[in-house]
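Chain by chain, the residues:
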Amino acid sequence: MGTPSPQAVLVMAAVLAGLLAPRAAYGQPNFIVILADDVGWGDLGANWAETKETPHLDELAAEGTRFVDFHAAASTCSPSRASLLTGRLGARNGVTHNFAITSVGGLPLNETTLAEVLREAGYSTGAIGKWHLGHHGHHHPSFRGFDYYFGIPYSHDMGCTDTPGYNLPPCPPCPRHGAAARVARKDCYTEVALPLFENVTIVQQPVNLSSLAARYAEEAARFIRRASDRGRPFFLYLALAHMHVPLGVPPPPPAVGRGIYGASLSEMDALVGRIKQVADSYGKGNTLLWFAGDNGPWAQKCELAGRPGPFVGAWQRQRGGSSAKQTTWEGGHRVPALAYWPGRIPAKRTSCALLSTLDIFPTLVALAGAVLPPNRRFDGLDVSPVLFGWSDVGHKVLLHPNSGAAGKDGEIEALRLAQYKAFYTTGGAMACDGSIGPAEHHQPPLIFNLDRDIQEQEPLDVASREYQAVLPAISRAYARALEDIATDNVSVADYSKDPAATPCCNAQHVACRCRAPGSHAATLDHFTERQATRLCL
């Protein structure tokens, strides 16, 4: 190669300056990651015109960038969250299925979380909301890099409350007296009340679900204010209870919108709007807000489940079962996603880049000027060029792990290559009608062209020229991916259980109540409530 011309050197220097500008010109940015639970791609009005309950999220889309080909790293709770906080699939980080209220373990302690990296880089770190990555001992978020934690250690259907909310089937409230009053109900937790933590202390058990959204908003605003007052950059991980059942909102007026689900969606939207307002007040121009879903809607909850939009997995639905949460069909892992950073992320932009929640970890690490943990490989990419509108190129290959509907949990038996989606195993989760699609193994794989068939209705004919042309590339990509995982530094999660690991603030009270059954926790002020706390770890 010859010596580059002076003009070429100037062009290269300008490009490098642009790449470095977001951090160098603005200092370390603040980060807010909002993760919605069981939200459908079509639950966002900006994605799906039939949805009318998300004006704040739609405003966020208009003032930032909307990602329409964005995917959760897994189609169920714990694996999805573990991947977001490590940038690694469950096949690497060890979290392949959900943890229980009696789980001894959690996200393996040798896995480094995003919060740990950012705290080391000088950030104030806070987690508010659902954790579901282990609550016993050092698996608790207070020991995983977060300076502050306020929330529920797992899904909010994993414990009884006095305000049970809306679920299918409905669950009874917590018992108030002895064992004789307890009601056994399939899929309901009736023995232990749902705990609310502040750091390592239970501050309320059972949680008052009716006021939970307001408390999350209040604690998030307080965390942002405190970090700003101290002059430190902050990372806030806000993992919402919405839109997971039970939905805890008052019943809407008859014939209004989408009923209970729509009312809860409106409540979530207002919460996000409140966080955006606070972020703009304390760090506008230097705060990246990234909103995404943890997986698709939980179809077996019928009218209490979200909209997948066009991603209906028609091939699977013809054979029975749901093609949403817990599956590797698009409805299980393609989720709404928005990024907002005034002055840095282009407004009114829609990106078709193939992205994932896996990308949040390496992207934020890069923007903070930190470095990735050594001695391990990452499935996520630094997608800051996509965020800033310089590129619309994401993953060439994206892997979709089994998440409960079919195949061994965590194994990779579906993948995306450009517009092609290949399945080596298919299956349907439980649908609203109670059907479950049987697991089927495919060799050669089923291949769909998503550009033409977003509903995943008709796989390519194996004898077609298109199938024969793309199969070798898919086979090579699949083999390389499996080899890369097999030769990586892979962790193993401890899924053992012990009833003693169950969070319980007072084992002497029925359902582990923190105070007398007649008290009204929602009316207590913060000082009073803190006086009633009990250390549980």
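Scroll up a little and you will see the structure.
Heads up: these notes are all about the structure in this document. Predicted, not measured: the structure shown is a model, and the values here were computed from it.

**Looking at the packing of aromatic side chains**
- According to the stated counting rule, one finds 18 aromatic pairs in the structure shown.
- Their ring planes at 25° and their centres at 5.6 Å tell us that F361 and F378 sit as a pair that is stacked. Here the residue F361 occupies a position in helix α10 (residues 360-367), and F378 occupies one in the loop between α10 and α11 (384-387), the gap between them amounting to 17 residues. With respect to class, F361 is no different from F378; both count as buried.

**Regarding the packing of helix α6 (residues 212-229) against helix α7 (residues 259-283)**
- For the pair α6 and α7, the least separation of the axes is 10 Å and the interaxial angle reads 10°. Classed by the angle they form, the pair α6 and α7 counts as roughly parallel. As for how α6 packs across α7, the hand of that crossing is right-handed. Here α6 contributes A213, A217, A220, A221, I224, R225 and S228 to the contact with α7, which in turn contributes E267, L271, R274, I275, V278 and Y282.
- Taken together, the residues that form the contact of α6 with α7 break down as 9 nonpolar, 1 polar and 3 charged.

**Topic: the packing of helix α2 (residues 55-63) against α7**
- Relative orientation of the contacting elements α2 and α7 amounts to 45°, with a least axis distance of 7 Å. Overall, the two elements α2 and α7 adopt an arrangement that is oblique. For the pair α2 and α7, contact is made by P55, H56, L57, E59, L60 and E63 and by M268, D269, A270, V272, G273 and K276, respectively.
- A breakdown of the residues in the contact of α2 with α7 according to their chemical character gives 6 nonpolar, 2 polar and 4 charged.

**Details of unusual backbone geometry**
- Cis geometry marks the peptide bond from L168 to P169; its omega dihedral reads -5°.
- Note on placement: P169 falls in the loop between β5 (148-151) and β6 (196-198).
- Omega for the bond connecting H242 with M243 falls within 30 degrees of zero, at 5°, which places this linkage in the cis form.
- Tracing the backbone through its elements, the reader meets M243 in the loop between β8 (234-239) and α7.
- The phi dihedral of H132 is positive, around 60°, even though this residue is not glycine.
- Topologically, H132 is positioned in the loop between β4 (124-129) and β5.
- Although it is not a glycine, Q326 adopts a positive phi angle of roughly 80°.

**Thoughts on the state of the cysteines**
- Within the structure shown, the criterion is met by 5 disulfides.
- Between C171 and C188 runs a disulfide, and the two sulfur atoms are separated by 2.0 Å. The sign of the S-S torsion, about -85°, decides the handedness of the disulfide formed by C171 and C188: left-handed. With a gap of 17 residues between them, C171 in the loop between β5 and β6 and C188 in the loop between β5 and β6 connect regions that are remote in the sequence.
- For C188, a relative accessible area of 12% gives the class buried.
- Across the chain, the way the bonded cysteines pair up, counted in sequence order, is 1-3, 2-4, 5-6, 7-9, 8-10.

**Brief notes about the sheet that holds strand β15 (residues 420-426)**
- Spatially, the 4 strands line up as an open sheet ordered β13-β14-β15-β16, and their pairing is antiparallel. This sheet does not close on itself; its edge strands, each paired only once, are β13 (397-401) and β16 (440-449). Strand-to-strand twist in this sheet, taken as the mean axis angle between neighbours without regard to direction, amounts to 20°.
- In the sheet, β13 pairs with strand β14 (residues 412-417) via 4 bridges, with the strands oriented antiparallel. Pairing of L398 across the sheet is with R416, part of β14.
- In the packing of helix α12 (residues 465-486) onto the sheet, the strands contacted are β13, β14, β15 and β16, and the crossing angle to β14 comes to about 125°.

**Side note on α2**
- Of the residues making up α2, those classed as buried are L57, L60 and A61. The buried residues of α2 all sit within an arc of 100° when viewed along its axis, so they share a single face.
- Those residues of α2 that are buried lie in contact with β2 (65-67), α7, β9 (287-293) and β10 (337-340).

**Topic: the pattern of salt bridges**
- Enumeration over the complete set of coordinates arrives at 25 salt bridges.
- The closest approach of N and O atoms between D484 and R377, which form a salt bridge, is 3.3 Å. Residue D484 is located in helix α12, and its partner R377 is located in the loop between α10 and α11; the two are separated by 107 residues in the primary sequence.
- Taking the relative accessible area as the measure of exposure, D484 reaches 28% and is therefore partly exposed.

**Quick look at α10**
- The buried fraction of α10 amounts to 7 of the 8 residues, a majority that puts the element mostly inside the structure.
- Taken as a whole, α10 has its buried residues at I360, F361, P362, T363, L364, V365 and L367.

**Brief notes about the nonpolar core**
- In this structure, F31, L114, F235, Y237, L288 and L364 are the most contacted members of the largest nonpolar core, which totals 52 residues.
- Looking at this core, the elements that each hand over two or more residues are β1 (30-36), α3 (77-86), α5 (114-120), β8, β9, β10, α10 and α11.
- Per-element tally for this core: the top contributor is α10, with 5 residues.
- Of all hydrophobic cores here, the second largest spans 51 residues; its members include L57, Y148, V203 and F223.

**Considerations on the environment of V371**
- Looking at the secondary structure, you find V371 in the loop between α10 and α11.
- Since its relative accessible area comes to 65%, V371 is described here as exposed.
- Each C-alpha atom, one on V371 and one on A121, is 9.0 Å from the other, the two residues being 250 residues apart in sequence.
- Excluding its chain neighbours within four sequence positions, the residues that come into contact with V371 are V117 and V365.

So, how was this worked out
Residues numbered from 1 in each chain as written. Predicted model: local features only at pLDDT ≥ 70, side-chain atom pairs only at ≥ 80, totals over all residues. Heavy atoms only, no water. Phe/Tyr/Trp six-rings, centres within 6.5 Å; stacked < 30°, edge-to-face > 60°. Helix = DSSP H or I, 4+ residues; strand = E, 2+ residues; numbered from the N terminus. Buried < 20%, exposed > 50% of the residue type's maximum accessible area, 1.4 Å probe, protein only. Axes fitted to C-alpha atoms, helices over the stretch in contact; angles between N-to-C directions. Parallel < 35°, antiparallel > 145°, perpendicular 65-115°, else oblique. Left-handed = near helix turned anticlockwise from the far one by under 90°. Contact = heavy atoms within 4.5 Å. Nonpolar A, V, L, I, M, F, W, Y, C, P; charged D, E, K, R; others polar. Disulfide = S-S within 2.5 Å. Pairing = 2+ DSSP bridges. Arc of directions from axis to C-beta. Salt bridge = Lys/Arg side-chain N within 4 Å of Asp/Glu carboxyl O. Core = buried A, V, L, I, M, F, W, Y, C linked by side-chain atoms within 4.5 Å.

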